[in-house]
Amino acid sequence: EFMQAYWDREEAQIKAVEHLASFLGDKNALPSLLTLTELITSAMKTHIDSLKLQIDGCRLLLEILSQALEQDLDVETRLGDNVISSLLETVREHSENEEFLSLVCTLLMMISACEVAAENLRKAGAIPDLLMIIRNFLHNEQICLSCCGVLWSLVVSENNVDQALLKSAVCAISAVLEEHLQNGMVAETACSALWALSLQGCLTENEYESTTALLLGALRMNLERPVLVKNACQALASLLRLSEIAAFRFVTDSKGSGIKLIKDAYHFHCDDPEVVENICTLINEMAQYDDIVPDMVSQKMKELLSEIKSRFPSS
């Protein structure tokens, strides 16, 4: 009631947000806090010039939504188009502030996991904003991680996104992967975003070889991470399905054959059925090319497949 009564007073909204934050440790207060999501974003939009309100509001929303998701509360109904449009307006207004963008992109990644929110983000035109942020803050690991995560959610199950826009995303995500190849968490999300883009047919023939090399690099640097191995194998399988050029780069990469690399990945994660399944999918895509089969034979791929079959007889 206080926030609504003094909606035009910036200092009143800041004090209200600070006061609401004091209830975050109270589980009984959480359902009530969750109902204030739209009111908080409305205050941020009304006082869009107030950087402090944007930062404090984002922090509060992050805490409310993360705790609500942990407690399995109904978050989706609180993420309507008014909330999304307000957040994107603040992103556009403060597109040069790194601290704020790090917070708001983390928030967008969290809420984009909800189908309703992802659809609202698509409708509100979030993809160009995300790509611009990546290009401007390529050095920032948290921003790149969050933006790639949001892009994955927006692209993976959507068939009506502007193809020209998605094609421009390939370059941005590739730049993220190249810049943060040794950061496992960032590389995971970048690999998943590239996989989604390849599924949508967004890569050009000129990008097949370089993208294959990047994905192989991500595998080499992060072989111990099961999620990254799954994401990279899915993305590579998608590329090999599209192009023999990608398949040749896979087996003749200057830093080592991809066949040996996925064998190493298997031995690292042989007890993880999901990883093994994705490795088998990649092997299956390799086998479609007659010129690649001799390399598979020389690398004893048949023996590997026999071992997998014995370990997972129902596969």
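Residues numbered from 1 in each chain as written. Predicted model: local features only at pLDDT ≥ 70, side-chain atom pairs only at ≥ 80, totals over all residues. Heavy atoms only, no water.

Lay out the pattern of salt bridges with the relevant residues and their values.
Under the definition given, this model contains 16 salt bridges. Linking K45 and E89 is a salt bridge whose minimum nitrogen-to-oxygen distance equals 3.3 Å. Here K45, found in helix α4 (residues 37-46), pairs with E89, found in helix α6 (residues 81-93); they are 44 residues apart in sequence, far enough to count as distant. Note that R220 is salt-bridged to D253, the shortest N-O span being 3.0 Å. Residue R220 is located in helix α13 (residues 205-221), and its partner D253 is located in the loop between α15 (244-252) and α16 (258-268); the two are separated by 33 residues in the primary sequence. Judged by relative accessible area, R220 falls into the partly exposed class, the value being 26%. One salt-bridge network, held together by shared partners, links K15, E18, K52 and D56. (Salt bridge = Lys/Arg side-chain N within 4 Å of Asp/Glu carboxyl O. Helix = DSSP H or I, 4+ residues; strand = E, 2+ residues; numbered from the N terminus. Buried < 20%, exposed > 50% of the residue type's maximum accessible area, 1.4 Å probe, protein only.)

Please give an account of the domain arrangement of the chain that cites residues and values.
Taken domain by domain, the chain comprises domain 1 (1-124), domain 2 (130-155 + 164-194) and domain 3 (203-314). Summarising the inter-unit geometry, the C-alpha centres of domain 1 and domain 3 are found 42 Å apart. (Domains from an automatic or database assignment.)

Break down the nonpolar core for me, with residues and values.
L87, I111, I173, L177, L197, F250 and M286 are the most contacted members of the largest nonpolar core, which has 113 residues in total. Apart from residues lying up to four places away in sequence, I173 is in contact with I134, C148, L151, A190, A193, L194 and L197. (Core = buried A, V, L, I, M, F, W, Y, C linked by side-chain atoms within 4.5 Å. Contact = heavy atoms within 4.5 Å.)

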